[in-house]
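The primary structure of each chain is shown beneath.
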Amino acid sequence: MKVLVVGGGGREHALAWKLSQSACRPTLYCAPGNPGTAAIGTNVPIEQDDLDGLLQFARRERIDLTVVGPEDPLCAGIVDQFEAAGLTVFGPRSAAARLEGEKAFAKQLMRTCGVPTADARVFSPSDRERMLLRAASRPGEQDVARHVVRAYDLAREYVATREGGIVVKASGLAKGKGVFVCDEPAEALKVLERLMVERVLGDAGETVVIEERLIGREVSLMAMVDGTSIYQLDTAQDYKRLRDGDQGPNTGGMGAYSPAPAIDAGTLSLIDREVFVPVLDGLRRENVEYRGVLYAGLMLTAGGPKVLEFNCRFGDPETQVLMVRLNSDLVSVMEAVVRGRLDHLTLEWDARHAVCVVLAAPGYPDASTGGARIEGLDAASAVPDVHVFHAGTRRDGDSIVAARGRVLNVVALGETLEQARSRAYEAVGRISFSGMQFRTDIGAAAVDRSGAAGSTASVRAN
Ligand code: AMP
Ligand code: GLY
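As the structure is a computational prediction, the values presented were derived from the model and not from experiment. Counting restarts for each chain: residues are numbered from 1 in the order of the written sequence. Here the convention is simple: chains get letters from A, ligands get numbers from 1, in the order in which they are written. Thresholds applied to this predicted model are a pLDDT of at least 70 for local features of residues and 80 or more for the giving and counting of side-chain atom pairs; totals over whole chains, interfaces and linings are not thresholded and use all residues. To get the side-chain values, take all heavy atoms of the structure and skip hydrogens and water.

As a further point, take the sheet that holds strand β2 (residues 27-32). Backbone-to-backbone hydrogen bonds pair the strands of a sheet. The strands run either parallel or antiparallel. Whether two strands pair depends on DSSP finding at least two bridges between them. Numbering of helices and strands runs from the N terminus; a helix is a DSSP stretch of H or I covering at least four residues, while a strand is a stretch of E covering at least two. Ordered in space as β3-β2-β1-β4-β5, the five strands form an open sheet in which the pairing is parallel. Strand pairing shows two members of the sheet lacking a second neighbour, β3 (42-43) and β5 (89-90), which therefore form its edges. Summarising the sheet, strand β1 (residues 2-7) and strand β4 (residues 65-68) pair through four bridges and their orientation is parallel. The residue bridging Val 5 from the neighbouring strand is Val 67, located in β4. Any two residues whose heavy atoms approach within 4.5 Å are treated as being in contact. Here the axes come from fitting lines to C-alpha atoms, over the contacting stretch only for helices, and the angles between their N-to-C directions go from 0 to 180 degrees. Its contacts with the sheet put helix α1 (residues 10-20) on β1, β2 and β4, and the angle it makes with β1 is roughly 170 degrees.

Listed below in structure tokens is the structure:
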């Protein structure tokens, strides 16, 4: 069996590693992959957004299963194209991936289905206004555009009526840079100008979602969805902020641990009932079927869980801690999802705990600088029950260098969260590269809270 993994980050290395252990002993390809995936399969030099190139390769090599990691190719329709060519592919089609690719669409759908989420309004320019804005590239022209675009005026008026915390989101895909949590309306007005007039995020920011700022504990939950059945994955907690104690800027994720006892069994079934089931029903009413993994980012507020966002893919780095704990055969699980046979399946999890510490390049998340040589990879992997997944690395002769962003994901398993944590940090201590950034508190608060945190059972529902 031939399996192709699309993408080249730590999530894709973890998925490829787990797929490579399948009982069917697949021949594994990764496009474009990274030095970590090169050690378990063959890297193919095709970028994740080159859909035609990927399709040609998959047809030529007669790939039996393609697994798509990142959101961009999913939103661009890679699954639609592969299916049209008769290929088997894991992930939602573009109409379903809109849940992530268009926040305005997701918000509207949640509203119609009664899914709890932050109160919000969407401001979208008309087609004519869009054309004017796209043509106005110079500052003088932008001034003209500013005065003709009604959506921008309305958004400003709306912000002026708000008090306190407010969140402005670019509706389109923005590589994690499209959400602005503002302390006061004046800050939000500046964001609106940058998105809607200066178009700093291009087309992705021309429609904005403005919502109330929710207060609570942030959690996320993923579920496999096969068109009909929903099967929640075990729990994982990630860490969005760059620095210890949840300080510093938001990032793609600086670490994770699993299981996450903060999401108890009651909350899991509540999220199933109030979030996954109604939103998937809502899509179905629009004749959109969801197959793949659905990620819900949530705030546990005093009024119950509320959705912050949906992702149409696996979380990164949540996937890294889940893959080392998944005992089931991932090829079989993904085939069951694609074939609509999830109801025949039970996912088995290792009862042990997993901790992932992300090592990031200097300057991350704003503008990371790469090029530093990484030392100690073998020594780190020699720590018992440790896996080092590559993310932003590059091979340079005999060396591996830190290329960009999140560079490595050091994952450890342990009988307790504390043991997993201490193994992960022992391995981290053996790795070095110039300017390496990481958090020292991944899993720490949960160790303090629980003493001995038990495993949370996964819940299934239809
Ligand atoms: P998103 O990509 O929509 O999940 O937003 C990125 C991050 O911004 C989230 O992980 C939250 O930390 C924060 N955020 C988004 N929406 C809200 C909200 N309505 N209230 C408070 N924080 C939010
Ligand atoms: N860890 C957050 C995400 O994958 O979006």
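Now for the pattern of salt bridges. Salt bridges are identified by distance alone: a Lys or Arg side-chain nitrogen within 4 Å of an Asp or Glu carboxyl oxygen. Across all of its chains, the model carries 27 salt bridges by this definition. Across the salt bridge formed by Lys 240 and Asp 238, the nearest N and O atoms sit 3.6 Å from each other. Taking the shortest distance from any N to any O, the salt bridge between Glu 375 and Arg 373 comes out at 2.9 Å. Any residue under 20% of the maximum accessible area for its type is buried, any over 50% is exposed, and the rest in between are partly exposed; the area is computed with a 1.4 Å probe on protein chains only. Given the relative accessible area of 37%, Glu 375 is considered partly exposed. Each of Asp 350, Arg 352, Asp 385 and Arg 423 takes part in one network of salt bridges that share partners.

Buried Ala, Val, Leu, Ile, Met, Phe, Trp, Tyr and Cys residues form a nonpolar core when they are joined through side-chain atoms within 4.5 Å. Formed by 50 residues in total, the largest nonpolar core has its most connected members in Ile 78, Leu 99, Tyr 290, Leu 294 and Phe 310. No other element matches helix α12 (residues 265-285), which puts seven residues into this core. The residues touching Tyr 290, leaving out its near neighbours within four places in the chain, are Pro 92, Ala 96, Leu 99, Val 225, Asp 226, Gly 227, Leu 280, Leu 283, Asn 311, Cys 312 and Arg 313. Core analysis: the second largest hydrophobic core is formed by 47 residues, Leu 322, Ala 354, Ala 360 and Val 411 among them.

Attention shifts here to the site of ligand 2. By nearness alone, every residue bordering ligand 2 is listed as Asp 238, Lys 240, Gly 252, Tyr 295, Asn 311, Arg 313, Gly 315, Asp 316 and Glu 318. Whenever two N or O atoms come within 3.5 Å, that pair is a polar contact, provided that in protein one can donate a hydrogen and the other can accept it, and provided that, for residues adjacent in sequence, both atoms are side-chain atoms. Measuring from a nitrogen atom of ligand 2, one finds a side-chain N or O atom of Asp 238 at 2.8 Å. Contact with the protein chains covers 91% of the free accessible surface of ligand 2, which is 200 Å². Just so you know the grouping, Ala, Val, Leu, Ile, Met, Phe, Trp, Tyr, Cys and Pro go in nonpolar, Asp, Glu, Lys and Arg go in charged, and all remaining residues, Gly too, go in polar. Taken together, the residues of the shell around ligand 2 sort by class into one nonpolar, three polar and five charged. Residues are labelled near a given molecule or strand when at least one of their non-hydrogen atoms is within 4 Å of it. In this description, accessible areas are obtained by the Shrake-Rupley approach with a 1.4 Å probe, and a residue is regarded as covered only by the protein chains that are shown.

Around ligand 1, the structure places 16 residues, and the nearest of them are Glu 211, Leu 214, Glu 218, Lys 240 and Glu 309. Here an oxygen atom of ligand 1 sits 3.3 Å away from a polar atom, N or O, in the side chain of Lys 103. Here ligand 1 has 470 Å² of accessible area as a free molecule, and 89% of this is covered by the chains. Among the secondary structure elements, those contributing two or more residues to the shell around ligand 1 are β7 (166-170), β8 (179-182), β9 (208-212) and β17 (304-311). A breakdown of the residues in the shell around ligand 1 according to their chemical character gives seven nonpolar, one polar and eight charged.

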